[in-house]
Amino acid sequence: MPAGRPLKYKTAKDLQSKIDKYKKHRDGKNLPYTKQSLILYLGFCDLHALEDSYTNKDEFSPTIKKIYTEIESSKIDSMYGDNPNTTFTIFDLKCNSGWNDKKAEQNDNDIDVVDFDFVEVK
């Protein structure tokens, strides 16, 4: 008998159905897709609860990867809209999607040197 709490969604189809409802809900309110809002909509308390339960299971992994890609894509698309908040979107992509625009350089002392650009917020 497997240990732990039973899965909230028994099949990938059940999970995909709930994700489709999430997207319809967000689209209806003209809100972007985010991992945080997805997690709450699916009934989890945090990202780890979702990922620990589903991302390592072959049946569910493609479903989770697809919605994560759609979330990232919607953020990228928002940079090209009528009123883009490009600075925030780039910040969000760096924090939540692993984006990085600077390469660490190695000096003779084996210390990583990282350049930072500061942007004035108006």
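Everything discussed here concerns the structure shown above.
Residues numbered from 1 in each chain as written. Predicted model: local features only at pLDDT ≥ 70, side-chain atom pairs only at ≥ 80, totals over all residues. Heavy atoms only, no water.

Caption draft 1: Here's a closer look at the nonpolar core. Membership of the largest hydrophobic core comes to 17 residues, with the highest contact counts inside it found for L15, L38, L42, F44, L50, Y54 and Y68. Elements supplying a minimum of two residues to this core: α1 (12–28), α2 (35–41), α3 (47–54) and α4 (61–78). Beyond its immediate sequence surroundings of up to four residues, L38 is in contact with I19, Y22, I67, Y68 and I71. (Core = buried A, V, L, I, M, F, W, Y, C linked by side-chain atoms within 4.5 Å. Buried < 20%, exposed > 50% of the residue type's maximum accessible area, 1.4 Å probe, protein only. Helix = DSSP H or I, 4+ residues; strand = E, 2+ residues; numbered from the N terminus. Contact = heavy atoms within 4.5 Å.)

Caption draft 2: View of the packing of aromatic side chains. By the definition in use, this model includes 6 aromatic pairs. Measuring from centroid to centroid gives 6.4 Å for Y9 and F44, while their planes differ by 50°, and the two rings are tilted. Of this pair, Y9 sits in the segment before α1 while F44 is found in the loop between α2 and α3, placing the two residues 35 residues apart along the sequence. Both residues of the pair, Y9 and F44, belong to the buried class. An angle of 80° between the planes, with centres 5.9 Å apart, marks the rings of F44 and Y54 as edge-to-face. Here the residue F44 occupies a position in the loop between α2 and α3, and Y54 occupies one in helix α3, the gap between them amounting to 10 residues. For the residue pair F44 and Y54, the accessibility class agrees, reading buried in each case. If you follow K8 out to its NZ or CZ, it ends over the ring of F44, 5.6 Å from the centre. Between K35 and the ring centre of Y68, over which it is positioned, the NZ or CZ distance is 4.3 Å. (Phe/Tyr/Trp six-rings, centres within 6.5 Å; stacked < 30°, edge-to-face > 60°. Lys NZ or Arg CZ within 6 Å of the ring centre and 35° of its normal.)

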